[in-house]
Each structure stands twice: as C-alpha cells, then as structure tokens.
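# An overview of the molecular structure
Below are the chains, spelled out letter by letter.
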Amino acid sequence: MLMDGKKIAKEIKEEIKAEIDRIREQYKIFPEVALIMVGKDPASEVYINSQINLCKTLGIEARVFFFENNITEQLLLDLIEDLNNSPTTDGIMLNLPLPKHMNVTKILNNIKLEKDVDGFKAENLGLLFQNDSNFIAPSTPAGIMEMLKRYKIDLTGKDVVVVGRSNIVGKPVAALVLNAHGTVTICNSYTKNLQEKTRNADILISAVGKPEFIKADMVKEGAVVIDVGINKIGNKIVGDIDFENVKDKVSHITPVPGGIGTLTVAMLFSNILKAFKKNRSILEEE
Ligand code: NDP
C-alpha cells in the first residue's frame, strides 16, 4: 500500500486551521511566528514564500527576517533574544543551513524552549529522550510517526531499523520509536552487514541521502518502508529506496515526492499550534 503523504498532510492542515479558527473565535487571538533566513538564494526564497503562504492559509501571522550572508552571529543572537522576549511571538523558525562563520548549535540553543518549533535545540532533544510530553519533536521525525499512526501501524514490539543517525532525522526518530515501544537499531556508514540488519526490519526507515540506496534484497517481505531521502537526479527527485523494485514486496511504502517531505511541513505547523496553545495557556477543546 502506498502511504499518501499529500492526503495526510491535507488532513493535518485542515485540523490545524479548524483549531486556530476556534481559538480566534473564542479568545480573539492568533499565532504569530518569526521566519528567519540568512543568505538569499532563489531556492530559499521559494521555500520561505511557501511558508508565508501556508501561514496565511492557516491564519498564522508571519514576521519575516531576511539577512545577507555576511551578517554577524551577534546580530542574529540579538534578534533571537528580542523574539524570545516578545509575548506575541509563539515560534521562531530559523532556516538552515546558516553561513559557515556562524555556530549553528549555539544559535539554536539560544532559542527559548517554548518557541523552538523546529525542535532542534538540545533541551528539546533531551526532553524527547526522557519521553517528557513537553518536548517539541523535530518535524520530519514527527511526520514519520504521524504517517505510521494514521495508517494504524503499531510499533509495539516491532523490529525497527533506522538507517542514518543525523540529529534532525535518524537520532530523534529512533527516540520516538523507542518511546512508542519499538525495538530500534540505528545504522550509520560504519555499520557492518547493513543488509542483514535491514532485512530483519518489520519497519525500515531510511534517512541516508543516497538515491535508490536500499535495494529489494535489503528489505523483508511484507515490511513497512519509510523513505525520508530527498535526492536529485537531474530534474527528478528520488528517495533512498529503489521504489520500483521494492514496492511490490512490502506491505506499506512512502513515495518520494509526496511522502514524508510533504508531511514534514504539516508537522512544523502542528508544532507552531502546540507552542501557541502552550504559550497562551489555551486548553484543549472540551
Ligand atoms: P545526513 O547527511 O546528516 O545523514 C545521513 C546519514 O546516513 C548519516 O548518519 C550517515 O552515516 C548515514 N549513511 C551514509 N551512508 C551510509 C551507508 N552506506 N550505510 C549506512 N548509513 C549511511 O542527512 P540527513 O539526516 O539530514 O538527511 C538524510 C536524507 O533525508 C537526505 O536525503 C535529506 O535530503 C533527507 N531529508 C528529508 C527531509 C524530509 O522532510 N523528508 C528532512 C530532512 C532530510 P554517518 O553518520 O556515519 O556519516
């Protein structure tokens, strides 16, 4: 079965919009986010414009900060400090990567916990590993979990293999799977006998960044396969999975494009809603 990221993302965005509309009606307030981008290039501008449009569609106020590549780290830290102290800013979204002269970890860690809607700062990742419900999960791992949930795939007792150990995908998704009672193996480029491990997976999550890296003989019959990879071959976008040869062997598979990438954006906005409700002490609908 093809796991349809577009359909799920549409459902999630509709749910977010309905909740924002309810809160606006009931409390006369709405969420506000800061979108920060350092360095202008056409691809980044397309990306940020799509975020601004989605904010408009969902009823979120967007404050946009564009900077040239050569700004100082201090200027960015000062802006983050101002936004941290602003009572109406519910989330701070810092577009990555940053220019090389900036310390990304330091800057991310300066974002106030409650406004870290990307879920990248150390404190949020720490809460995730403690399985504390106050954490905000990074949106791609959150998207993977939401996809599994909406397709009613229970992780309890399942052998889950994650290929890739980045701080934004591999490690946090492994923690989320553990929290959901899966048994996790996290692989990296030094892993011995990778095929042996991936073939054992009831659920295989690939976040490697190599086109069609996972071949049919690396996948167990009937497995659930989540493809996080976004790789460009000429003008075509492909995932990490050799989709054509794997799709008939497995029970569920995510396409690229139209899979996890689409859900990632929806989950980011779900994080904004979560931060907004927490910051403004808004209760769930009774
Ligand atoms: P990174 O480059 O940070 O991490 C890639 C990981 O893959 C590393 O841990 C690396 O191991 C591992 N790896 C590389 N080669 C092998 C190998 N031969 N065997 C086993 N493991 C290997 O990438 P990201 O996590 O940032 O992204 C991964 C992919 O997901 C990319 O294609 C990216 O574009 C995509 N992506 C998609 C998103 C979405 O919204 N769908 C969001 C974020 C990323 P090691 O640590 O040893 O180097």
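The structure reproduced in this document is the subject of the present report. Treat the numbers as computed from the prediction; the structure is a model and nothing was measured. (Residues numbered from 1 in each chain as written. Predicted model: local features only at pLDDT ≥ 70, side-chain atom pairs only at ≥ 80, totals over all residues. Heavy atoms only, no water.)

### So, the sheet that holds strand β3 (residues 91-94)
The strand order β2-β1-β3 describes an open sheet built from 3 strands, whose pairing is parallel. The open sheet has two edge strands with one neighbour each: β2 (61-67) and β3. Within this sheet the neighbouring strands show an average axis-to-axis angle of 15°, counted without direction. Both strand β1 (residues 32-38) and β3 contribute to a ladder of 4 bridges, which runs parallel. The residue bridging I36 from the neighbouring strand is L94, located in β3. (Pairing = 2+ DSSP bridges. Helix = DSSP H or I, 4+ residues; strand = E, 2+ residues; numbered from the N terminus. Axes fitted to C-alpha atoms, helices over the stretch in contact; angles between N-to-C directions.)

### Digging into the site of the ligand
Around the ligand lies a shell of 23 residues, among which R165, S166, S189, I230 and T264 are the nearest. Interatomic distance of 2.6 Å between a side-chain N/O atom of S189 and an oxygen atom of the ligand. In this structure, V228 approaches the ligand through a main-chain N or O atom, which is 3.4 Å from a nitrogen atom. Calculation on the ligand without its partners gives an accessible area of 930 Å², and the protein chains cover 72% of this total. Per element, the largest residue contribution to the shell around the ligand is 3 residues, and it comes from helix α10 (residues 260-279). (Near = heavy atom within 4 Å. Polar contact = N/O pair within 3.5 Å; in protein donor to acceptor, adjacent residues only side chain to side chain. Areas by Shrake-Rupley, 256 points an atom, 1.4 Å probe, with all protein chains shown as cover.)

### Side note on the pattern of salt bridges
Counted according to the given criterion, the structure contains 15 salt bridges. K106 is the partner of E73 in a salt bridge, and the nearest nitrogen-oxygen pair spans 3.1 Å. Within this pair, whereas E73 is found in helix α3 (residues 73-85), its partner K106 is found in helix α4 (residues 104-110), the two being separated by 33 residues in sequence. Overall, E73 belongs to the buried group, its relative accessible area being 17%. When the shortest N-O distance is used, the salt bridge between E244 and K247 registers 3.1 Å. One continuous salt-bridge network, built from bridges that share partners, spans K7, E11, E15, E146 and R150. (Salt bridge = Lys/Arg side-chain N within 4 Å of Asp/Glu carboxyl O. Buried < 20%, exposed > 50% of the residue type's maximum accessible area, 1.4 Å probe, protein only.)

### Points about the sheet that holds strand β7 (residues 224-227)
Taken together, 5 strands build an open sheet; the order of strands is β5-β4-β6-β7-β10 and the sheet is parallel. Each edge of the open sheet carries a strand with a single partner, namely β5 (183-187) and β10 (252-253). Pairing between strand β4 (residues 159-163) and strand β6 (residues 203-206): 4 bridges, direction parallel. Looking at the pairing, V160 lines up with I203 of β6.

### Details of the nonpolar core
Judged by nonpolar contacts, the single largest core of 57 residues is most densely connected at M3, I60, I144, L148, I205, I226 and F269. For this core, the leading source of residues is α10, giving 10 residues. Leaving out residues up to four positions away in the same chain, I226 has contacts with M3, I144, L148, L204, I205, S206, T254 and I260. In terms of nonpolar packing, the next biggest core, distinct from the first, is built from 18 residues, L76, L77, L94 and L98 among them. (Core = buried A, V, L, I, M, F, W, Y, C linked by side-chain atoms within 4.5 Å. Contact = heavy atoms within 4.5 Å.)

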